[in-house]
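A closer look at the structure
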Number of protein chains: 2
Amino acid sequence: MRQSLEIRNQHRCFEGAQGFYQHDSSTIGLPMRFSVYQPPHTNHQPNPAIFFLAGLTCTDETFMIKAGAQQYAAKLGLTLVTMDTSPRETGIPGENETWDFGSGAGFYLDATAKPWSKHYLMESYIVHELYEIIINEFSADPNRIGISGHSMGGHGALTLGLRYPEKFRSVSAFAPVSAPIQCPWGQKAFTHYLGDSQEIWRNHDATALIEDGNRIANILIDQGLEDPFLTEQLCPGQLEKVCQNTGQKLTLRYHPGYDHSYYFISTFIAEHLKYHQDTLNASR
Amino acid sequence: MRQSLEIRNQHRCFEGAQGFYQHDSSTIGLPMRFSVYQPPHTNHQPNPAIFFLAGLTCTDETFMIKAGAQQYAAKLGLTLVTMDTSPRETGIPGENETWDFGSGAGFYLDATAKPWSKHYLMESYIVHELYEIIINEFSADPNRIGISGHSMGGHGALTLGLRYPEKFRSVSAFAPVSAPIQCPWGQKAFTHYLGDSQEIWRNHDATALIEDGNRIANILIDQGLEDPFLTEQLCPGQLEKVCQNTGQKLTLRYHPGYDHSYYFISTFIAEHLKYHQDTLNASR
């Protein structure tokens, strides 16, 4: 392992290794944390890997602690990757004032508006810097990397999946912010991170990206019907409509009784990981 | 549900219901929190139930968030029960000063020494008050209730299981404090909660209880060999020795590479729940 990767913690889990890491990110210009679960019996063979992008207020630890995903990754031979949801302690005024913007709310894009554009570059961090680390230091197979996420991270998974289909060969999401241009969370974040140009916003909105012609083989989405953010913030119906109109393949499943929590994610994560494995193996 | 049970949160999880509750405990004399996972398809039939007692610094939420147990409980038709690890905000001076004593460290006993004896009555709370609530309000089958726990909670599961075999028909533990009389955590807690009499201490030490004649059908224990507390605090070898000497049946499994974390617990919780179900069904 490179000297610049600090191992914060490691735990054996389902015979594999759950590690938490920190490094000086050249993209962000600050220390960043990420986490990797490596399945057992890999013998340094390249493994398929799934990047999981967490939601507002979460960290690199949330999914690894709450989703119960490691057992399935162990069985399927998948590497799991999570990262923090924003840069931290940038010194930018206002970064810690609200829970839905700034720290813990990087929205998985490269900010273009000052002062956020100095450090809030989560898209480049994930797609280039962390992506290379996972391939080079954790033996991931560059032809079998998928992306998934929850809520704001579902937005990230869909938009990065649609924009980098050569990098992420399978895409899924839990309760994603499906049309951020049209919801308060997205409007607030995009205004600050990207400025006022709606044309630029469209590059970071899954519904608009599909409307504008981006296509991938399939999208799997699970959504709870008791999710309190469903109508105002998530808007999966907007995404569904544009997929129907454009022919983008989408598997959108609504689940009665389920909410926005990791109790919902843990219930369906096995099916997502199986979907990723099947899709990645079929694309080889 | 009784009016006095406040529902703090409920989440659907693996088609069952994950609930977090608060009530005014007559035993403790203060509000107490507990959590219940109810498997699907119960139709108000009495279910077997497993009480899981958490370790130092934990709350009623820890196991439900981190152990990934609900999926197995759903499949096996088990109700899961957790509770806070101590009374909270008792006003007793010093209760929040150290992480291994007072708040978050009730040690699952009834304190007999002042000032702790006013509120720190976790044994009676679990064995009588909460036990009745689980039977009466959550349809648990009183003939099929098991107990398990981790670390300090493993101590609690072993000692309450050994002392109330008619209430808890199956007993297991993860990395339990097996001989608290002989370790710093136990000595500190027992001195404050119970005073100086070593004879009283023996009622709350699994190794001593077996030495003194208590017997149950079987004990299942899993222990990681990379657990940093193994030698100084947990002492499973003491328990193993007394079980060998007395004929108490014990299944003690050591696991190379595993530590004291919930990554360890999550790896083996499926086997524990299956063990409880088999034991409880065999005892009908």
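Residues numbered from 1 in each chain as written. Chains lettered and ligands numbered in written order. Predicted model: local features only at pLDDT ≥ 70, side-chain atom pairs only at ≥ 80, totals over all residues. Heavy atoms only, no water.

An unreviewed UniProt entry lists chain A under the name S-formylglutathione hydrolase, with Nitrosomonas marina as the source organism. Word for word, the UniProt comment on chain A under Sequence similarities (unreviewed entry) is "Belongs to the esterase D family." UniProt, in its Catalytic activity (unreviewed entry) section for chain A, records the words "S-formylglutathione + H2O = formate + glutathione + H(+)". (UniProt positions renumbered as here; feature names shortened; annotations may be inferred.)

Take the relation of the copies chain B and chain A next. The two copies are related by a screw operation: chain B maps onto chain A through 180° of rotation and 0.0 Å of translation along the axis, at an RMSD of 0.0 Å. Taken together, the rotation and translation relating the two chain copies correspond to the operation of a two-fold axis. Most of the interface of chain B is mirrored in chain A: 100% of its interface residues are interface residues there too. (Least-squares fit on C-alpha atoms with pLDDT ≥ 70 in both. Contact = heavy atoms within 4.5 Å.)

Next up on the list: the sheet that holds strand β6 (residues 140-149) of chain B. Pairing between sheet strands relies on hydrogen bonds along the backbone, with the strands arranged either parallel or antiparallel. Residues and elements named next belong to chain B. Reading across from one edge, β1-β2-β3-β5-β4-β6-β7-β8-β9 is the order of the nine strands in this open sheet, with mixed pairing throughout. Here the strands that pair on one side only, and so sit at the sheet edges, are β1 (6-13) and β9 (251-255). When the angles between neighbouring strand axes are averaged without regard to direction, this sheet yields 20°. Bridge count between strand β8 (residues 220-224) and β9: five bridges; the pairing is parallel. (Pairing = 2+ DSSP bridges. Helix = DSSP H or I, 4+ residues; strand = E, 2+ residues; numbered from the N terminus. Axes fitted to C-alpha atoms, helices over the stretch in contact; angles between N-to-C directions.)

Attention shifts here to helix α4 (residues 152-163) of chain A. Residues and elements named next belong to chain A. When the terminal C-alpha atoms of α4 are compared, their 16 Å separation across 12 residues agrees well with the 16 Å that a helix rising 1.5 Å per residue should span. Most of α4 is tucked away: 11 of the 12 residues are buried. Listed in full, the buried residues belonging to α4 are Met152, Gly153, Gly154, His155, Gly156, Ala157, Leu158, Thr159, Leu160, Gly161 and Leu162. (Expected span 1.5 Å × (residues − 1). Buried < 20%, exposed > 50% of the residue type's maximum accessible area, 1.4 Å probe, protein only.)

Now for the sheet that holds strand β6 (residues 140-149) of chain A. Residues and elements named next belong to chain A. The strand order across the open sheet built from nine strands is β1-β2-β3-β5-β4-β6-β7-β8-β9, with neighbouring strands paired in mixed fashion. Since the sheet does not close on itself, it has two edges, and those belong to β1 (6-13) and β9 (251-255), each with one partner. Along the sheet, successive strands turn relative to each other by an average axial angle of 20°, direction set aside. Here α4 sits on the sheet in contact with β4 (47-53), β6, β7 (170-174) and β8 (220-224), set at roughly 135° to β6. Here helix α9 (residues 236-246) sits on the sheet and contacts β8 and β9; the angle it forms with β9, its principal contact strand, is near 150°.

What follows covers the interface of chain B and chain A. Across the boundary between the two partners, chain B contributes 23 residues, which contact 23 residues of chain A. Together chain B and chain A conceal approximately 1900 Å² of surface at their shared face, both sides included; 52% is due to carbon and sulfur atoms. Our count for the contact surface shared by chain B and chain A stands at 10 residue pairs in polar contact (both at pLDDT 80 or more). When residues of the side of chain B that touches chain A are traced back to their parent elements, those giving at least two are β1, β2 (16-25), α1 (62-66), α2 (70-76) and α10 (262-282) of chain B. (Buried area = accessible area lost by both parts, 1.4 Å probe. Polar contact = N/O pair within 3.5 Å; in protein donor to acceptor, adjacent residues only side chain to side chain.)

Let us look at the UniProt feature "active site" (unreviewed entry) in chain A. Residues and elements named next belong to chain A. Per the UniProt record, "active site" (unreviewed entry) is annotated on Ser151, Asp227 and His260. For the residues just named, distributed over 110 residues, the greatest C-alpha separation is only 10.6 Å, placing them together at one site. Take aspartate 227: it is sitting in the loop between β8 and α8 (230-234). According to the relative accessible area criterion, aspartate 227 is buried, its value standing at 5%. Apart from residues no more than four positions distant in its own chain, aspartate 227 is found in contact with Ala175, Leu234, Tyr258, Asp259 and His260. Here glutamine 223 takes part through its side chain, which lies 3.2 Å from a polar atom of the side chain of aspartate 227. By secondary structure assignment, the location of histidine 260 is in the loop between β9 and α10 (262-282). On the accessibility criterion, histidine 260 (13% relative accessible area) is buried. Those residues in contact with histidine 260 that lie beyond four places of it in its chain are His150, Ser151, Ala175, Asp227, Pro228, Phe229 and Leu234.

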